[in-house]
Amino acid sequence: MRQEADSVGIGVMMKLFGSVLLMTGTSGYGFWKAACYKRRISLLEQLRQMVFLLKGQVLYANATLEEAFEAVGKRTEGQLSRLFLYVAERIKKQQGEVFFTIWKEAVAELLADSELKAEDRQQLTAMGEHLGFLDKDMQERNLLLYLEQLDLGIRELQSHRQERCRLYTSLGVMAGM
């Protein structure tokens, strides 16, 4: 009789432990999704700052693309900084490659595991399509167009930030329950 009571108690404890693990896991996933959303906004804001710096380097400092990307990459840090420094290094070692090819490969390779969505990476890739071979006015227009698109995207994300983060965390907790 005592063994039966012990095995029932152990079974209840195992179910309770499993329930706690499940709830912790789903809640953690919800909080993680909310944090990813916030990191995406932060990354896009940092990208906006870097493109402004790039624009200044190209237009006002009369820097070459290699110098401009290197200067911007050194002034910042993180994943985007590594992208800009990598592009500067590839331009330096350029062996007949078109800038857009270098840019496209770098964005695909270095930002594949970032919080940026595919549409963010696609817009960033498109920005590099006209850099390097157009006159300064056209390059400025290209950068300004990208900055406008980026600003619109950031404003959209920020306007939904609170509700999305609350939704992710709530759904994570509710799924566990």
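Please read all numbers here as calculations on a predicted model, not as lab measurements.

The rules behind these values
- Residues numbered from 1 in each chain as written.
- Predicted model: local features only at pLDDT ≥ 70, side-chain atom pairs only at ≥ 80, totals over all residues.
- Heavy atoms only, no water.
- Helix = DSSP H or I, 4+ residues; strand = E, 2+ residues; numbered from the N terminus.
- Polar contact = N/O pair within 3.5 Å; in protein donor to acceptor, adjacent residues only side chain to side chain.
- Contact = heavy atoms within 4.5 Å.
- Core = buried A, V, L, I, M, F, W, Y, C linked by side-chain atoms within 4.5 Å.
- Buried < 20%, exposed > 50% of the residue type's maximum accessible area, 1.4 Å probe, protein only.

Caption draft 1: Up close: the side chain of S114. Secondary-structure assignment places S114 in the loop between α4 (99–110) and α5 (118–127). At 2.9 Å, the side chain of S114 and the backbone oxygen of L111 are in polar contact. Of note is the side chain of S114, whose polar atom sits 3.2 Å from the backbone nitrogen of L116. Excluding anything up to four places from it in sequence, S114 contacts L43 and Q79.

Caption draft 2: Examining the nonpolar core more closely. Within the largest apolar cluster, 39 residues are counted, with the highest numbers of intra-cluster contacts made by L54, F69, L83, V87, W103 and L124. Only α1 (2–59), α2 (65–75), α3 (79–92), α4, α5 and α6 (136–159) provide two or more residues apiece to this core. In terms of residues, this core owes the most to one element, α1, which gives 11 residues. Not counting the four nearest positions on each side in its chain, W103 is found in contact with F69, L83, F84, V87, L124, T125, M127 and G128.

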